[in-house]
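Below are the chains, spelled out letter by letter.
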Amino acid sequence: MGIDQDTPSKSNLSVKLLTEVFAEIDPNVQIESFEEAQGSRRGDNYTSALFRIHVKGFVVPDGGATKRSKWECSLICKRLPDSQARRDAYRSEALFRNEVRFYTKIVRELLSFQQQKTHETFSAIPRCYYARSDLLILEDLCARDFGMPNRQEGLSLQQTKSVLAELARFHALSLAYKAEHPHEFDALTASIEEGIFAAENQDWFRNYYRRLTRNAVEMVSQSFHNGEDGCLYVERLREFVDTDAFFMRMVELVNEPSDLAVICHGDCWTNNFLYRFDTERKSVHAVCLVDFQLIRYGSLALDIANLIFCCTNHGLRKDLPNLLKLYGEELAKALKKFGSYPTFCGSCEEELMEKIQVEFKKYARFGLGLAMDILPISTCSADQAPDLYVKPADDASNSAPELNVPPNELCRRKMKEIVVDLVDNGLL
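(A) Up close: empty space enclosed by the protein. Scanning the model with the defined rule gives three cavities of 30 Å³ or more in all. Space inside the second largest cavity adds up to approximately 100 Å³. Lining the second largest cavity are 13 residues, and of these Arg-206, Tyr-209, Arg-210, Thr-243 and Phe-247 sit closest to its centre. Put simply, the parts of the chain that give the lining of the second largest cavity at least two residues each are helix 6 (202-223) and helix 8 (246-255). Looking at the lining of the second largest cavity, the element that brings in the most residues is helix 6, giving six residues. Taken together, the residues that form the lining of the second largest cavity break down as six nonpolar, three polar and four charged.

In structure tokens:
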């Protein structure tokens, strides 16, 4: 779709708006037209609509030179779904506000602090060019050769280590800023809206999680050929997902006070990590974190548990002690640069590592609660996933939508392995 006039496109962009955006980024750029395409596949995104925008124009050099050169740029446009029913169903407006606040206030404040303290900048997030209540214009990381991993396969060991290291650096921003500017940090976190696990959402999500917890118990039960072999695992799972108590257990975990409370990414599933590899795709050169709609203020272990139990497999989790050790080392290293090391590490790094292990043991089950939601979506084929770009018939439902993604064999196996790993490690 080529667009060269001021009429808004499906992305709600126009040449006029893009011209205004680039007037601040690079005043020498003049926009002529743009083309757009869907920015994600079915099953890769649910709460907003993504478009990849290919912008064309030319550059007029400084100094009044008349010679112009062609110019092109690729952007990601993220906006609210057209359908109000879709927005209501996925609580899209509240989540979108979170991400707008993240880019316009929270991350700017944290990065400014980092620059002053360390003369470095956390670079594992896309650049935001424009933000308003219903629209974000972001850097297209694909233009820098970043790509999304296979959500059905999950993360490799190298990918897991890479994102753990970046999460540690991201979390260190919160800890260091909070230590030096506690009142300002409280103001930042006060603006964050808990997207899912808030007590006032219990009725909205009641049927949604009733179905998910029932499916999880059925999947784990059916995965054991001998019922007696799986009796302990199914019993522990049933205790955690008790229909009337599960949601509030998740609410309590999110709101539990913690000395290691940070601004969490909040949505650590496979599709929210983009990787750049070497030319032979054998090693990870860089990783970027995307999609900050579910940011929350809580223990850093909430993000770690989300990553470990929703993005890795049974084989990788055998290396759990070393994964936690890597995270702790990177967190300590980042805190040292801020001068905040003694505040959180005491007299030695081992003290910080002990704190992280205690936190993880306490919050690991949170990863199981998220996995019951994420695994059916992350393991399904594209044609089974709901299509966010198709406008549904409006309805007046007063509860969260049932995605109705049928569990597959891969989902059953992964769910069983998560429960087994949690129980065997004394975490459930």
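(B) Geometry of the nonpolar core. Ranked by size, the top nonpolar core spans 112 residues in total, and within it Phe-197, Phe-273, Leu-331 and Phe-360 carry the most contacts. At 14 residues, helix 13 (residues 349-379) tops the list of elements feeding residues into this core. Ignoring any residue separated from it by four or fewer positions in sequence, one finds Phe-360 in contact with Ala-301, Ile-304, Ala-305, Ile-308, Phe-309, Leu-320, Leu-324 and Leu-427. One finds Val-15, Leu-18, Phe-51 and Val-59 within the second-largest nonpolar core, a separate group that totals 20 residues.

(C) Here's a closer look at the packing of helix 8 against helix 13. It is at 10 Å that the axes of helix 8 and helix 13 come closest, and there the two elements cross at 130°. By the criterion of interaxial angle, the relationship of helix 8 to helix 13 is oblique. Crossing angle aside, the handedness with which helix 8 passes helix 13 is left-handed. Residues Phe-246, Met-250, Leu-253 and Val-254 of helix 8 form the contact with helix 13, whose participating residues are Lys-362, Tyr-363, Arg-365, Phe-366, Gly-369, Leu-370 and Met-372. Residues of the contact of helix 8 with helix 13, tallied by class, amount to eight nonpolar, one polar and two charged.

(D) Representation of the packing of aromatic side chains within the structure. In total, this model carries 25 aromatic pairs according to the counting rule given. Ring geometry for Phe-170 versus Phe-292: centroids 6.0 Å apart, planes at 50°, classification tilted. Within this pair, whereas Phe-170 is found in helix 4 (residues 157-180), its partner Phe-292 is found in the loop between strand 9 (284-289) and strand 10 (296-299), the two being separated by 122 residues in sequence. Phe-292 carries the same exposure label as Phe-170, and that label is buried. With centroids separated by 5.8 Å and ring planes inclined at 55°, the aromatic side chains of Tyr-209 and Phe-247 adopt a geometry described as tilted.

(E) Inspection of the pattern of salt bridges at higher detail. For the structure on display, the rule yields 20 salt bridges. Across the salt bridge formed by Lys-325 and Glu-329, the nearest N and O atoms sit 2.5 Å from each other. Here Lys-325 and its partner Glu-329 are both found in helix 11 (residues 320-338), four residues apart, which amounts to about one turn of the helix. Judged by its relative accessible area of 42%, Lys-325 is partly exposed. Salt bridges sharing common partners tie together Glu-166, Arg-169, Glu-330 and Lys-333.

(F) Representation of the layout of surface pockets within the structure. Counted as a void, the second largest pocket has a volume near 330 Å³. Taken together, 21 residues line the second largest pocket, and the ones lying closest to its centre are Glu-120, Thr-121, Phe-122, Glu-166 and Arg-169. At the level of elements, helix 3 (92-118), helix 4, strand 9 and helix 11 are the ones that each hand at least two residues to the lining of the second largest pocket. Counting residues per element, the lining of the second largest pocket draws most heavily on helix 11, at five residues. Grouping the amino acids of the lining of the second largest pocket by side-chain chemistry returns nine nonpolar, four polar and eight charged.

(G) Fine view of helix 5 (residues 182-190). When helix 5 is considered as a whole, its buried residues turn out to be Phe-185, Leu-188 and Thr-189. Seen along its axis, helix 5 keeps its buried residues to an arc of 90°; they face one direction. Turned more than 90 degrees from where helix 5 packs its buried face, His-183, Ala-187 and Ala-190 sit exposed. Check the buried side of helix 5 and you find it contacts helix 3, helix 4, strand 7 (261-264) and strand 10.

(H) Broad picture of unusual backbone geometry. Unlike most non-glycine residues, His-119 shows phi in positive territory, near 60°. Along the chain, the position of His-119 falls in the loop between helix 3 and strand 5 (128-132). Looking at His-119, the relative accessible area reads 64%, which means it is exposed. Notably, Asp-145 is not glycine yet its phi reads approximately 70°, a positive angle. Tracing the backbone through its elements, the reader meets Asp-145 in the loop between strand 6 (135-139) and helix 4.

(I) How the structure looks around the confidence of the model for the chain. Overall, the prediction assigns the chain a mean pLDDT of 87, with 85% of residues at 70 or greater. Ignoring residues within four places in sequence, the model shows residues 388-396, a span with pLDDT below 50, making 20 contacts including any to other chains.

(J) Structural detail: the environment of Glu-409. With respect to the helices, strands and loops of the structure, Glu-409 is situated in helix 14 (residues 409-424). Taking relative accessible area as the criterion, Glu-409 reaches 56% and is therefore assigned exposed. Remark: the alpha-carbon pair of Glu-409 and Cys-380, spanning 29 residues in sequence, is separated by 9.9 Å.

(K) Focus on the pairing of strand 5. Sheet analysis places strand 5 next to strand 6, joined by four bridges and oriented antiparallel. Pairing of Tyr-130 across the sheet is with Ile-137, part of strand 6. In textbook terms, the turn of a hairpin is the stretch between consecutive antiparallel strands, and for strand 5 and strand 6 this stretch comprises two residues.

(L) Representation of the state of the cysteines. Within the structure shown, the criterion is met by zero disulfides. Of all cysteine sulfurs, the one in Cys-311 lies closest to Cys-268, which takes part in no disulfide; the gap is 7.0 Å. Counting only cysteine sulfurs, Cys-311 is the nearest neighbor of Cys-310, a cysteine outside any disulfide, at a range of 6.1 Å. Cys-310 gets classed as buried once you look at its relative accessible area, which sits at 7%.

About the criteria used
Residues numbered from 1 in each chain as written. Predicted model: local features only at pLDDT ≥ 70, side-chain atom pairs only at ≥ 80, totals over all residues. Heavy atoms only, no water. 1 Å grid on protein atoms, 1.4 Å probe; cavity = no way out; pocket = protein on both sides within 12 Å on 5 of 7 lines; lining within 4 Å. Points joined across faces, edges and corners; volume = space filled by probe spheres on them. Helix = DSSP H or I, 4+ residues; strand = E, 2+ residues; numbered from the N terminus. Nonpolar A, V, L, I, M, F, W, Y, C, P; charged D, E, K, R; others polar. Core = buried A, V, L, I, M, F, W, Y, C linked by side-chain atoms within 4.5 Å. Buried < 20%, exposed > 50% of the residue type's maximum accessible area, 1.4 Å probe, protein only. Contact = heavy atoms within 4.5 Å. Axes fitted to C-alpha atoms, helices over the stretch in contact; angles between N-to-C directions. Parallel < 35°, antiparallel > 145°, perpendicular 65-115°, else oblique. Left-handed = near helix turned anticlockwise from the far one by under 90°. Phe/Tyr/Trp six-rings, centres within 6.5 Å; stacked < 30°, edge-to-face > 60°. Salt bridge = Lys/Arg side-chain N within 4 Å of Asp/Glu carboxyl O. Arc of directions from axis to C-beta. pLDDT = per-residue confidence, 0-100. Pairing = 2+ DSSP bridges. Disulfide = S-S within 2.5 Å.

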